[in-house]
Amino acid sequence: MQIEFVTAGPMEGEALSAIAAPVFENQTLGSAGEALDGASGGALSRAMGSSRFTGELDQTLDIVAPAGLHAARVVLAGAGALAKLDDLGVERLAAAAYHAVKSSGVPTLELRLGDLSDSQAARAALGVRLAAYRFDRYRTREKPEKKPSVTKVRIVCGDPAAATAAFEPLAALGDAVSFARDLVSEPANVLYPEEFAHRVKQLEALGLEVEVLGEAEMTELGMGALLGVGQGSVRESQLAVLVWRGAEDPKAAPIAFVGKGVCFDTGGISIKPAAGMEEMKTDMGGAAAVAGVMHVLAGRKAKVNAVGILGLVENMPDGNAIRPGDILTSLSGQTIEVINTDAEGRLVLADAIWYCQERFKPKTIIDLATLTGAIVIALGEEVAGFYSNDEALASNLAAASTAEAELIWRMPLHKPYDKKLDTLAADMKNITGSRSAGSVAAGLFLQRFVTNKSWAHLDIAGTAWQSGPGAPTIPEGASGFGVRLLNRLVADHYEGK
Ligand code: BES
Ligand code: ZN
Ligand code: ZN
């Protein structure tokens, strides 16, 4: 997708494009819409008059070849009440305009934003960028006429140089979200732990330091929990360590992100039912989000020190796989009786979190994981669960969530459920044995490996993958959930401090 910012004025010698303009509530045209309406002898007003389009956010009205205009179509994009139009609203209206004409045959979408600011123009660009994401690497027979026709977006604004500058960090965010979405979309025969590590190694080009530990190094360290999960797979387990040093003091304690990277989760010997198992290629969504966060921090040269740790394994049933009843010794020294081999994410995270704390002494540690089916039952696909031992971090996360529209809801780490993880044979077991409060139990399990005073855990099992079309900026499939949220958290609370 090619995106450019321009000043108003006709573009000569180009194929006819679609022109989009915002319309506010009660069919109130913005200044760009007014001009188009005038030039077309009132075609826009007439079209609105004979439709149910009111100008509410997410609505669009597509007008084909209006007389008097040098345009293939005009798309009216609902913007709601002007006073309430925030950055997210601008992203949505631009994304909705894109969806309205993406397959119409026009190659170019011109967004005429009228009175909106240059920074809002940049937001519109991000909206289109996120909306236009698709994973079509393996669609070899898709006819060209079935693919989106819009490949170029021209955004008309007051000061293109200012809009271009404002778009720079947002473009980095768009790239990072796409990177995370690609990782989640890839099938597990392509994206196994070594390939995942290889792809994040490419991020060195952005200035990140990337280190990859294999099974020999992890055995040496004593990561028995993570290695236990991977031992039934012919693919080698990996631990990827990404470091971004952007703070003035390169030695200042970093903020750390830890991701569950189960490239495929069959459940292991406690094997999952066949129906829907293909979705378990997304069980590395936490690691993908962490990779995405590191991507955007480096991409926009954030003034922060940050670390990303990815625990990359494949959970397979095999003659060498761990069995229910097996006892693993984690890197922390704590022993774990594996009651159910399908509760593997917490085993991977236990070692990755411990390693992160020991090596980097982070000021804050946040883990992300597609950890439990229970959180999907509780909160669905639109809201992730989060847990924290730090009130300030919890409220900062909640604020970042609202600002980026990546919704989260805090869940409790109440003590009575922790006791249920005790077992006779070892220091703890990996499940309580009851399905109730399954996501809470997983959070409490992780907490047994957290020494950090400021920690949060995000259970993104429901939000990492969208099974149908959702918000205009989040197409069906991999959402990249977490990248925007944590980028915002860093920008608002950890940079330049
Ligand atoms: N990867 C799954 C959780 C999951 C479920 C992710 C649905 C995405 C969508 C996890 O490893 C798992 O299997 N959890 C079990 C835990 C149980 C055995 C205690 C679950 O939630 O059923
Ligand atoms: Zn599992
Ligand atoms: Zn899993």
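Further up the page is the structure itself.
Predicted model, so just to flag it, every value in this text is computed and none were measured.

Points about the coordination of the zinc ion (ligand 2)
Donor atoms from the polypeptide that coordinate the zinc ion (ligand 2) comprise D265 (OD), D342 (O), D342 (OD) and E344 (OE), at 2.0 to 2.2 Å from the metal. Angles of 71 to 168 degrees at the metal separate the six donor atoms of the zinc ion (ligand 2), which places the site in the irregular class. Site description for the zinc ion (ligand 2): donor spacing in sequence, D-x76-D-x1-E. Metal-to-metal, the separation of the zinc ion (ligand 2) and the zinc ion (ligand 3) is 3.2 Å; D265 coordinates the two.

Here we look at the sheet that holds strand β9 (residues 238-245)
Taken in spatial order, the eight strands line up as β8-β9-β11-β10-β14-β18-β15-β16 in an open sheet, and their pairing is mixed. Strands at the two margins of the open sheet, each flanked by one partner only, are β8 (209-213) and β16 (407-410). The average angle at which neighbouring strand axes cross in this sheet is 20 degrees, direction not considered. For strand β10 (residues 255-265) and strand β11 (residues 305-315), the ladder comprises nine bridges, and the chain directions are parallel. Within β11, the position partnered with K260 by the bridge is G311.

A look at the site of ligand 1
Close to ligand 1 lie 15 residues, the nearest being K272, D283, D342, E344 and G373. Taking K272, its side chain carries an N or O atom lying 2.7 Å from an oxygen atom of ligand 1. Within the backbone of T370, one N or O atom sits 3.5 Å away from a nitrogen atom of ligand 1. Judged by the fraction of its atoms near the pocket grid, ligand 1 is located in the largest pocket.

A word on the sheet that holds strand β12 (residues 327-329)
Spatial ordering of the open sheet is given by β12-β13-β17, a layout of three strands whose pairing is mixed. Each edge of the open sheet is held by one strand with a lone partner, namely β12 and β17 (428-429). Two strands pair when backbone bridges link them, and strand β13 (residues 335-337) and β17 are joined in this way by two bridges, in the parallel orientation. By the bridge assignment for β17, I336 is matched with M428.

Notes on the packing of helix α3 (residues 87-101) against helix α4 (residues 118-131)
Closest axis-to-axis distance for the α3/α4 pair is 7 Å, and the angle between their directions is 50 degrees. As far as their axial angle goes, α4 and α3 are oblique. Crossing hand, α3 versus α4: right-handed. Here D87, V90, E91, A94, A95, Y98 and H99 of α3 lie close against α4, whose contacting residues are Q120, R123, A124, L126, G127, V128, L130 and A131. Considered class by class, the residues forming the contact of α3 with α4 number nine nonpolar, three polar and three charged.

Quick word on the pairing of β10
Most of β10 is tucked away: eleven of the eleven residues are buried. In this fold, the crossover linking β10 to β11 by way of helix α9 (residues 285-299) has right-handed handedness. Here β10 runs beside strand β14 (residues 364-369); their pairing, made up of five bridges, is parallel. Its bridge partner being in β14, V258 is matched across the sheet by D367.

Describing the pattern of salt bridges
One pass over the full model with this rule turns up 29 salt bridges. For D136, the salt bridge identified is with R134, shortest N-O distance 2.9 Å. Residues R199 and E186 are paired through a salt bridge, measuring 3.1 Å at the closest nitrogen-oxygen approach. Highlighted residues: R199 in helix α6 (residues 193-201) and E186 in the loop between α5 (160-185) and α6, separated in sequence by 13 residues.

Overview of unusual backbone geometry
A positive phi angle is found at N26, which is not glycine, with a value near 60 degrees. Turning to its location among the elements, N26 is positioned in the loop between β2 (18-24) and β3 (28-29). Of note in the backbone geometry, A65 takes a positive phi value of approximately 40 degrees without being a glycine. Mapped onto the secondary structure, A65 falls in the loop between β4 (60-64) and β5 (73-80).

Side note on the side chain of N396
With respect to the helices, strands and loops of the structure, N396 is situated in helix α12 (residues 391-404). Setting aside anything within four residues of it in sequence, one finds N396 in contact with L489 and H493.

A few points about the layout of surface pockets
Quantified by volume, the largest pocket comes out at close to 940 Å³. The wall of the largest pocket is formed by 35 residues, among which K272, L371, T372, G373 and A374 lie closest to the centre. Those elements that place two or more of their residues in the lining of the largest pocket are β10, α11 (373-379) and α14 (438-447). The element best represented in the lining of the largest pocket is α11, accounting for five residues. When its residues are assigned to classes, the lining of the largest pocket shows 13 nonpolar, twelve polar and ten charged. Taken as a whole, the second largest pocket holds about 500 Å³ of empty space. Along the walls of the second largest pocket sit 25 residues, with K102, Y133, R134, P475 and E476 positioned nearest its centre. Where the lining of the second largest pocket is concerned, the elements lending two or more residues are α3 and β20 (477-478). Residues that form the lining of the second largest pocket fall into these classes: 13 nonpolar, five polar and seven charged.

Observations regarding the packing of helix α10 (residues 345-360) against α14
Two numbers describe how α10 lies on α14: the axes approach to 9 Å, and their chain directions differ by 30 degrees. The orientation of α10 relative to α14 falls into the category roughly parallel. Between α10 and α14 the crossing geometry is right-handed. Of the residues in α14, those touching α10 at R346, L347, L349, A350 and I353 are A442, F445 and L446.

Brief notes about the packing of aromatic side chains
Each aromatic ring pair is summarised here by two numbers: the centre-to-centre distance and the angle between the ring planes. One pass over the full model with this rule turns up three aromatic pairs. Ring centres 5.7 Å apart and planes at 65 degrees place the aromatic pair F5 and F167 in the edge-to-face group. Here F167 lies in helix α5 and F5 lies in strand β1 (residues 2-6), a separation of 162 residues in the sequence. You'll find F5 and F167 in the same group, each marked buried.

Definitions and cut-offs
- Residues numbered from 1 in each chain as written.
- Chains lettered and ligands numbered in written order.
- Predicted model: local features only at pLDDT ≥ 70, side-chain atom pairs only at ≥ 80, totals over all residues.
- Heavy atoms only, no water.
- Donors = N, O, S within 2.8 Å, 3.2 Å for Na, K, Ca; no water.
- Tetrahedral: all angles 85-135°; square planar, octahedral: opposite > 155°, others 65-115°.
- Pairing = 2+ DSSP bridges.
- Helix = DSSP H or I, 4+ residues; strand = E, 2+ residues; numbered from the N terminus.
- Axes fitted to C-alpha atoms, helices over the stretch in contact; angles between N-to-C directions.
- Near = heavy atom within 4 Å.
- Polar contact = N/O pair within 3.5 Å; in protein donor to acceptor, adjacent residues only side chain to side chain.
- 1 Å grid on protein atoms, 1.4 Å probe; cavity = no way out; pocket = protein on both sides within 12 Å on 5 of 7 lines; lining within 4 Å.
- Sits in = over half its atoms within 2 Å of the grid points.
- Parallel < 35°, antiparallel > 145°, perpendicular 65-115°, else oblique.
- Left-handed = near helix turned anticlockwise from the far one by under 90°.
- Contact = heavy atoms within 4.5 Å.
- Nonpolar A, V, L, I, M, F, W, Y, C, P; charged D, E, K, R; others polar.
- Buried < 20%, exposed > 50% of the residue type's maximum accessible area, 1.4 Å probe, protein only.
- Right-handed = clockwise from strand over helix to strand, strands pointing away.
- Salt bridge = Lys/Arg side-chain N within 4 Å of Asp/Glu carboxyl O.
- Points joined across faces, edges and corners; volume = space filled by probe spheres on them.
- Phe/Tyr/Trp six-rings, centres within 6.5 Å; stacked < 30°, edge-to-face > 60°.

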